[in-house]
Amino acid sequence: MVDNESVDKICGQIREDGEREIESILDKARRTAGEITAKAEAQRGEIAGRIMREAEARGKTESRRMLSSVSIEVRRARLRAREEVVSVVSGMVEKELAAMRGSKRYPDVLAGLVTEAVRGLEGKSFVVTVDKRDLDLLEKEIFPRVKQAMTAEGRPVNSLQARPLDKASLGGARVGVPGGNVIFDNTFEARMFRFREEIRAGVIDRVFYSDHSGESGSA
């Protein structure tokens, strides 16, 4: 017969072995669970970080886009303001030029413009075309002064013919050679057109950059 004590020892040993096996399994399970949890935490952090980085990148891109859009709108508004100012000033200049015909300065101005045109052409005979309101002034006062000025420069003029323009002009004159196709247009309108860019730049610099900020007004 088997000794009861021996049976108890065997049972105790079995229980101890079982408990150790169970503890080993539980320990392994706990380690595995910890590894899985740590890996999940790491992946969650990586995913969250990636999401945050992507969101930040999208935010920066959107911010740059909005800033660029605002900058473009501001530039457009400034350009519109500039052109409006240039248009207003140009209108004021035209009014001043139109009023010059009735001023004491006009004969001097007209004589200077005709002389400049004659000086820029070849020959000794010229046709001077002006607004019909200036014909009398042209023949009585301007022609003698032009001839005198050209003679003083060593280029005497033989003849000057006065003709009316087809339509009204603010002032000034067109000068050409009889029978020729070359015209020196020195009317106020033509001069404003020739110097339109200089006038525009001058207005912009005077109005928008009078603080000498260093920016260019040629935009």
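Source: prediction; values computed, not measured.

A. Expanded view of the side chain of Asp134. On the secondary structure map, Asp134 appears in the loop between strand E1 (125–130) and helix H3 (135–152). Within the structure, the side chain of Asp134 is placed 2.9 Å from the side chain of Arg101, a separation counted as a polar contact. Apart from residues no more than four positions distant in its own chain, Asp134 is found in contact with Arg101, Tyr106, Leu110, Gly171 and Gly172.

B. Here's a closer look at the pairing of E1. Judged by how many residues are buried, E1 sits mostly within the fold: five of six residues are covered. Where E1 meets strand E2 (residues 159–164), six bridges bridge the pair, whose relative direction is parallel. Bridging from a neighbouring strand, Val130 pairs with Pro164 of E2. On the question of chirality, the crossover connecting E1 to the parallel E2 by way of H3 is right-handed. Relative to strand E3 (residues 172–176), E1 is paired through three bridges, and the arrangement is antiparallel. Following the sheet pairing, Val128 is matched in E3 by Val175.

C. Molecular detail of the packing of aromatic side chains. Enumeration over the complete set of coordinates arrives at one aromatic pair. Between Tyr106 and Phe188 the ring centres are 6.2 Å apart and the planes differ by 85°, which places this aromatic pair in the edge-to-face class. Here Tyr106 is found in helix H2 (residues 106–119), whereas its partner Phe188 is found in helix H4 (residues 188–194), with 82 residues between them in sequence. Using a relative accessible area of 1% as the deciding quantity, one classes Tyr106 as buried. For Phe188, a relative accessible area of 6% corresponds to the buried category.

What counts and what doesn't
- The residue numbering used here restarts from 1 in each chain and proceeds along that chain's sequence as written.
- Residues qualify for local features only when their pLDDT is at least 70, as the model is predicted, and side-chain atom pairs are given and counted only at 80 or more; totals for whole chains, interfaces and linings, by contrast, use all residues.
- Only hydrogens and water are set aside when side-chain values are computed; all heavy atoms of the structure are taken into account.
- Helix and strand labels come from DSSP, where a helix needs a run of H or I of at least four residues and a strand needs a run of E of at least two; each type is numbered from the N terminus.
- We define a polar contact as two N or O atoms separated by no more than 3.5 Å, with the added condition that, inside protein, one atom must be a possible hydrogen donor and the other a possible acceptor, whereas residues neighbouring each other in sequence contribute only through side-chain atom pairs.
- Pairs of residues are marked as contacts when any of their non-hydrogen atoms sit within 4.5 Å.
- The classification of residues rests on relative accessible area computed with a 1.4 Å probe and restricted to protein chains. Under 20% of the type maximum is buried, over 50% is exposed, and intermediate values are partly exposed.
- Strand pairing is defined by DSSP finding a minimum of two bridges between the two strands.
- Orient the strands so they point away from the viewer, and a crossover whose first-strand-to-second-strand path over the helix runs clockwise is right-handed.
- Two rings from Phe, Tyr or Trp (for Trp, the six-membered ring) form a pair when their centres sit within 6.5 Å of each other. Planes less than 30 degrees apart are called stacked, planes more than 60 degrees apart edge-to-face, and all others tilted.

Purely geometric numbers; function is a separate question.
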